[in-house]
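Structural characterization, general
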Amino acid sequence: MILIADCGSTKTHWCLLDKKTIAAEYFTIGMNAVLLTPAEMEEIIRRELLPQTGTLTESVSEIHFYGAGCLGDEICGNVATALAAVFTAASTIEVDSDLLGAARALCGRRPGIACILGTGSNSCYYDGERITENVSPLGYILGDEGSGAVLGKILVGDVLKRQLPDDLCEKFLSQFGLDRLSIIRRVYKEPAPNRFLASVSPFLLSNIDRPEIHALVTNAFSAFFRRNITNYPQAGKYPVSFIGSIACYYETQLHEAAAPFGYTIGKIVKSPMPGLVEYHTA
């Protein structure tokens, strides 16, 4: 059996394949490979996954693990060590970045520009086998243009600086039970401010018919294309495809932002798993 994992910091999606058929799918908490030791990751897998899989674990011969932060031999090696300790019958264990997972899911074995647009953002040029160029996303403070965290950051800043109409500002603060001091505390003093900022971004979708909100979103996507995609020499030659909730929710605005650059939008999907299943069973 083949086991595929799409692992983020908050959630991991596991898919077990029997030949070319999906035998089962499981969900567990996420793992940040940069912060966890192999022993800690092994403990999470045993605690979260094994009660769901039962004896099927013994039948896994091949593992393909795609994770956020899985960059470099040391980190990927740590993940592989944790997996090997649990899945002792696996003769093949491949650990790669979530960005390569996105590229394989979106492009298969064809070249293209693959992007992630969720809580964070990322992009690459994929030649059909590997990622050959990657503009660093830099995180939500220096980059991550178009991501849920950055959309939330712009929204919160515009609300507190009264750059939006008063009724929208009051509606936002009331809907989330926030005020200036509570926002400052959540952003500057509490853990995971990027997740907090992303959590308020749905306000944009529910008010996208307001011209001010529509402009905020399309401008953020324009910044994503300008600061990331224009750096790829292949831009314009291949479609730009996306994985992630933000790309799915704001598909219309994404197309609008791409048009002035002359880019063609390819696939837009919420999860890489269907594409990864296809890739590993082709």
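In what follows, the structure referred to is the one given above.
One structure accompanies this document, and this report is about it.

Scoring rules and cut-offs
Residues numbered from 1 in each chain as written. Predicted model: local features only at pLDDT ≥ 70, side-chain atom pairs only at ≥ 80, totals over all residues. Heavy atoms only, no water. Helix = DSSP H or I, 4+ residues; strand = E, 2+ residues; numbered from the N terminus. Rg over C-alpha atoms; globule rule 2.2 N^0.38 Å. Buried < 20%, exposed > 50% of the residue type's maximum accessible area, 1.4 Å probe, protein only. Contact = heavy atoms within 4.5 Å. Salt bridge = Lys/Arg side-chain N within 4 Å of Asp/Glu carboxyl O. 1 Å grid on protein atoms, 1.4 Å probe; cavity = no way out; pocket = protein on both sides within 12 Å on 5 of 7 lines; lining within 4 Å. Points joined across faces, edges and corners; volume = space filled by probe spheres on them. Nonpolar A, V, L, I, M, F, W, Y, C, P; charged D, E, K, R; others polar. Axes fitted to C-alpha atoms, helices over the stretch in contact; angles between N-to-C directions. Parallel < 35°, antiparallel > 145°, perpendicular 65-115°, else oblique. Pairing = 2+ DSSP bridges.

Looking at the overall build of the protein
Along the protein, the regular secondary structure elements total 14 helices and ten strands. Its C-alpha atoms give the protein a radius of gyration of 20 Å, within 12% of the compact-globule value 19 Å for 282 residues. With respect to the three principal axes, the spread of C-alpha positions in the protein is 60 × 45 × 30 Å. Per-residue burial for the protein yields a buried fraction of 49% across its 282 residues. Taking as baseline every contact in the protein between residues at least 6 positions apart, the subset at least 24 positions apart corresponds to 63%.

A look at the pattern of salt bridges
Summed over the entire model, instances satisfying the criterion amount to eleven salt bridges. The partner of Arg-162 in a salt bridge is Glu-170, with the nearest N and O atoms 2.8 Å apart. We classify Arg-162 as partly exposed; its relative accessible area is 40%. Taken together, the shared-partner salt bridges in this structure form one network comprising Glu-43, Arg-47 and Glu-48.

Focus: the layout of surface pockets
Within this model, the second largest pocket holds a volume of roughly 280 Å³. What lines the second largest pocket is Tyr-140, Ile-141, Lys-153, Val-156, Gly-157, Leu-160, Lys-161, Ile-183, Ile-184, Val-187, Tyr-188 and Leu-197. Elements that contribute at least two residues to the lining of the second largest pocket include exactly helix H5 (139–142), helix H6 (148–160) and helix H8 (180–188). Counted by class, the lining of the second largest pocket contains nine nonpolar, one polar and two charged residues.

Points about the packing of H6 against helix H9 (residues 193–200)
For the pair H6 and H9, interaxial distance at closest approach is 7 Å and the crossing angle is 75 degrees. In terms of orientation, H6 and H9 fall into the roughly perpendicular class. In contact with Gly-148, Ala-149, Gly-152, Lys-153, Leu-155 and Val-156 of H6, H9 contributes Asn-194, Leu-197, Ala-198 and Val-200. In terms of residue class, the contact of H6 with H9 is made up of six nonpolar, three polar and one charged.

Structural notes on the sheet that holds strand E2 (residues 11–18)
An order of E3-E2-E1-E4-E5 is seen for the five strands of this open sheet, with the pairing classed as mixed. Edge positions in the sheet fall to strand E3 (21–29) and strand E5 (92–97), since each of these pairs with one other strand and no more. Strand-to-strand, the axes of this sheet are offset by a mean angle of 15 degrees, without reference to chain direction. Pairing geometry for strand E4 (residues 62–67) and E5, over six bridges, is parallel. Within E5, the position partnered with Phe-65 by the bridge is Val-95. Relative to E5, helix H4 (residues 98–107) is tilted by about 100 degrees, and along the sheet it contacts E4 and E5. Along the sheet face, helix H14 (residues 273–281) touches strand E1 (2–7), E2, E3, E4 and E5 and points at about 145 degrees away from the line of E1.

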